[in-house]
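# Fold and contact review
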Amino acid sequence: QEQLVESGGGLVQPGGSLRLSCAASGRTFSPYRMGWFRQAPGKERTFVASITWSAGGTFYANSVKGRFTITRDNAKNTLYLQMNELKPDDTAVYYCAAMQRVAFSIRPDDYNYWGQGTQVTVSS
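So, a few notes on the structure that sits alongside this text.

Cut-offs used in this document
- Residues numbered from 1 in each chain as written.
- Predicted model: local features only at pLDDT ≥ 70, side-chain atom pairs only at ≥ 80, totals over all residues.
- Heavy atoms only, no water.
- Pairing = 2+ DSSP bridges.
- Helix = DSSP H or I, 4+ residues; strand = E, 2+ residues; numbered from the N terminus.
- Axes fitted to C-alpha atoms, helices over the stretch in contact; angles between N-to-C directions.
- Salt bridge = Lys/Arg side-chain N within 4 Å of Asp/Glu carboxyl O.
- Buried < 20%, exposed > 50% of the residue type's maximum accessible area, 1.4 Å probe, protein only.

### Let's talk about the sheet that holds strand 7 (residues 68-73)
Pairing within the open sheet is antiparallel, and its four strands lie in the order 1-3-8-7. Edge positions in the sheet fall to strand 1 (3-7) and strand 7, since each of these pairs with one other strand and no more. Pairwise comparison of adjacent strand axes, ignoring direction, gives a mean angle of 15° for this sheet. Here six bridges tie strand 3 (residues 18-25) to strand 8 (residues 78-83), and the two strands are oriented antiparallel to one another. When the sheet's bridge partners are listed, Ser21 is paired in strand 8 with Tyr80.

### So, the pattern of salt bridges
Tallying each qualifying case throughout the model produces five salt bridges. The salt bridge involving Asp90 is made with Arg38; its shortest N-O contact spans 2.9 Å. In this pair, Asp90 is assigned in the loop between strand 8 and strand 9 (92-99) and Arg38 in strand 4 (residues 33-39), connecting sequence segments 52 residues apart. Judged by relative accessible area, Asp90 falls into the buried class, the value being 2%. Take Arg38: its relative accessible area is 12%, and that puts it in the buried class. With a shortest N-O distance of 3.0 Å, Asp110 and Arg107 are connected by a salt bridge. Here the salt bridges do not stand alone but share partners, grouping Arg101, Arg107, Asp109 and Asp110 into one network.

Spelled out as structure tokens, the structure:
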């Protein structure tokens, strides 16, 4: 059974940076794509960024393009999200997710495994 565990969230001032990590474990962990999603209070879970696990191809939501960078370390089975120039609107619980199917998707329902989430709060 694959498990995903996020870390690195916290409180940061506007304009600051945070780096989220997602450690994956499981005997057969070999997703096609991994992604970051976020969910603000009272809102739906939305796509942030994704990366293909093998080739490293990336895709970003327009709201974070140019500020956030998704990377992965295959040897460590770890996914990262470097977040720069943070804004109050970035405040949310951030989740990492893994998709087994060979496809492109930004829909949460298409991702098979999820972490428990890590809180990111951007406030002065």
